[in-house]
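Results of the structural survey
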Amino acid sequence: FLIGFWFQDEANASAGKKAFITNRVGDWGFLVAMFFAFAAFGTLNYTQMFSHTSPVAATTMSAIVLFLFLGAVGKSAQLPLYLWLPDAMAGPTPVSALMHAATMVTAGVYLMVRVNPFIAAADPWVGTTIAFVGGITALFAATAAIAQTDIKKVLAYSTVSQLGYMVMAVGSGAYVAGIFHMVTHAFFKALLFLGAGAVIKGMNNEQDMNWYGKLWKFFPITGITFVIAWLAIAGVPPFAGFWSKGDILGMAWHKSHVLWAIGAFTALLTAYYMTREVVLTFFGERRWTELADGGADADANGGHGHDDHPTVDANGNPLPVGPGAPHHVEHGAPVRPTEAPWIMTIPLVVLAVGAVVLGAINLPFGSADYLARWLEPSVHVGESTWHIPSGLEWGLEGVTVLLTLVGLGLGFVVYQRVRSREAQLRYEPKVLANVWYYDIAVSAFMGGPVRRVSEWLGTTFERVVLDGAVNGVARLVTVGANETRRLQTGKVRNYALGLTAGAALLLLFVLYRASF
């Protein structure tokens, strides 16, 4: 209901239905896991189940964990069920901040952390599978974020990517690190969403970053807090995201060097696409004046129409655009960038403070790991006992920071030094703008073969097989009844003959059995 809040627009109503249907797949896995768990333990109480994991076979535990993970994949938007979350940006921006930063989408990660004794009792390959699903999802979503032009869509794919980090932590046995990143992510991602909402409001509901640029002086508070969130999510020290992401990558190194490489490269991409978003919005060239000037410049700069969004680049290739009409203005409407009122900026300041200092809840110095000690009663069974050597830890942190700085530098070079938007579009491949065509392929499959099979099942199969079976039984009963009623003649001699014949047959049967 919240995603489809502006239900009058077909795209928004469809986004709500998409979230509903996709999450039903995850719910099915969650229910099957509950059935298996009840069959194995006779209860669904966490305490009782956790105390009886030893007698249960590892294969059974693996099945329970994998079906639970299917539920988490749906709820926490992992491959292949992630595709509902980007469309969920059709909802109001405060809803996005609530659902996609702090609460709903992290429920799947919380579930997997909560059942860590199950994962510990399952086969070792189960944890590896979970970790690689998270890592691949993080990388996949980060590549998609590179070429999105809707300010909220960038944050949506960023959310999917950061959830992938958390799932990677779960599969690596780094449950504390996963919860740590969940907490820090809640602050800097909510700050990014609310900051985006402030910009959208100040830009007359325009969400397309193609029409932003050089908004810093018009949004001073929003700009400063947005930059803080940008540095936090990129993993720049000493912001909160640096500490939580570093913990995850350290444990990923122990799990698999390939897994660490995926996470480290994703960190570079995160810094790059977030730099792109910040520069396109607050720095670079001023492009929103084309809206205020009635779109005259736009017509001369890429073929954009007066009352339309930019739909093609200089080469005639289609540009990706955001969700429907409730969020967008008609180009040509007057735009006067204005900072958000205090009721919107105060939460930004509060969240910015958290994005800076929240890393202090679990520092890797002596007894400063407060979160780890607080979570210890809940995760002590499954938490990895491997302690990363201090030298290796700082070495990995150094490499990660270096990659982050490379991402920041590339983002500035492409989007700050290269002022032409048409030139910048060369660095936004169409395949990434269309998210590797995954969503398009799923839609084509569901709207093609699956739709035809469903229509056949709803018409031909139902009419011939199901209705035929029901009607056939009815006809069989009718014919059988009509034939049986012929025996009821109403004549006593016929009934007496029947009794005599029946008695004779019964006697013959008894004599036959007695002979053996």
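In this convention, every chain numbers its residues from 1, walking through the sequence in written order. Totals for whole chains, interfaces and linings use all residues, but because this is a predicted model, local features are given only for residues with pLDDT of at least 70 and pairs of side-chain atoms are given and counted only at 80 or more. Excluded from the side-chain calculations are hydrogens and water; all other atoms, namely the structure's heavy atoms, are used.

**Topic: the packing of helix α10 (residues 175-202) against helix α16 (residues 342-357)**
The test is simple: Axes here mean lines fitted to C-alpha atoms, for a helix over just the part in contact, with angles spanning 0 to 180 degrees between N-to-C directions. The way it works is that DSSP assigns letters per residue, a run of H or I at least four long becomes a helix, a run of E at least two long becomes a strand, and they are numbered from the N terminus. An angle below 35 degrees is read as roughly parallel, one above 145 as roughly antiparallel, one from 65 to 115 as roughly perpendicular, and any other as oblique. Should the near helix be turned anticlockwise from the far one by less than a right angle, the crossing is left-handed, and should it be turned clockwise, the crossing is right-handed. Throughout, a contact is declared for two residues whenever any of their heavy atoms are within 4.5 Å.
Where α10 contacts α16, the axes come no closer than 9 Å and their chain directions differ by 150°. Between α10 and α16, the crossing angle belongs to the class labelled roughly antiparallel. Considering only the axes of α10 and α16, their crossing is left-handed. Of the residues in α16, those touching α10 at Phe187, Phe188, Ala190, Leu191, Leu194, Gly195, Gly197, Ala198 and Lys201 are Met344, Pro347, Leu348, Leu351, Ala352, Gly354 and Ala355.

**Quick look at helix α22 (residues 492-514)**
Note the cut-off: One fewer than the residue count of a helix, multiplied by 1.5 Å, yields its expected span. Using a 1.4 Å probe on the protein chains alone, a residue whose accessible area is under 20% of its type maximum counts as buried, one over 50% counts as exposed, and one in between counts as partly exposed.
In this model, α22 (23 residues) spans 33 Å end to end at C-alpha, consistent with the 33 Å of a helix rising 1.5 Å per residue. Counting buried positions along α22 yields zero of 23 residues, so the element is predominantly exposed.

**Focus: empty space enclosed by the protein**
Threshold: Using a grid of 1 Å spacing that covers the protein atoms alone, one calls a set of points a cavity when a 1.4 Å probe fits there but cannot get out, and a pocket when the set is open and has protein on both sides within 12 Å along at least five of seven lines; lining residues are those with an atom within 4 Å of a point. Grid points are joined across faces, edges and corners, and a volume is the space filled by probe spheres set on the points. Under the scheme applied, nonpolar residues are Ala, Val, Leu, Ile, Met, Phe, Trp, Tyr, Cys and Pro; charged residues are Asp, Glu, Lys and Arg; polar residues are all the others, including Gly.
Scanning all chains against the criterion turns up one cavity of 30 Å³ or more. Counted as a void, the largest cavity has a volume near 50 Å³. Surrounding the largest cavity, Ala234, Gly235, Gly241, Phe242, Lys245, Gly246, Glu397, Thr400, Val401 and Thr404 form its lining. Elements with a contribution of two residues or more to the lining of the largest cavity: α12 (240-255) and α18 (390-417). A breakdown of the residues in the lining of the largest cavity according to their chemical character gives three nonpolar, five polar and two charged.

**Quick word on the side chain of Thr222**
Short version of the rule: In protein, a polar contact means a hydrogen-donor-capable atom and an acceptor-capable atom, both N or O and within 3.5 Å, with residues adjacent in sequence counting only if both atoms are side-chain atoms; elsewhere, any N or O pair within 3.5 Å suffices.
Looking at where Thr222 falls in the secondary structure, it is placed in helix α11 (residues 220-234). One polar contact links Thr222 to Glu339, side chain to side chain, over a distance of 2.6 Å.

**Describing the packing of helix α1 (residues 10-41) against helix α3 (residues 58-75)**
Following both chains from N to C, one finds α1 and α3 inclined at 155°, their axes separated by 7 Å at the closest point. Here α3 runs roughly antiparallel to α1, going by the angle between their axes. Where α1 crosses over α3, the handedness of that crossing is left-handed. For the pair formed by α1 and α3, the contact residues are Asn23, Val25, Gly26, Trp28, Gly29, Phe30, Val32, Ala33, Phe36, Ala37, Ala40 and Phe41 on the first element and Thr60, Met61, Ala63, Ile64, Phe67, Leu68, Leu70, Gly71, Gly74 and Lys75 on the second. Split by residue class, the contact of α1 with α3 holds 15 nonpolar, six polar and one charged.

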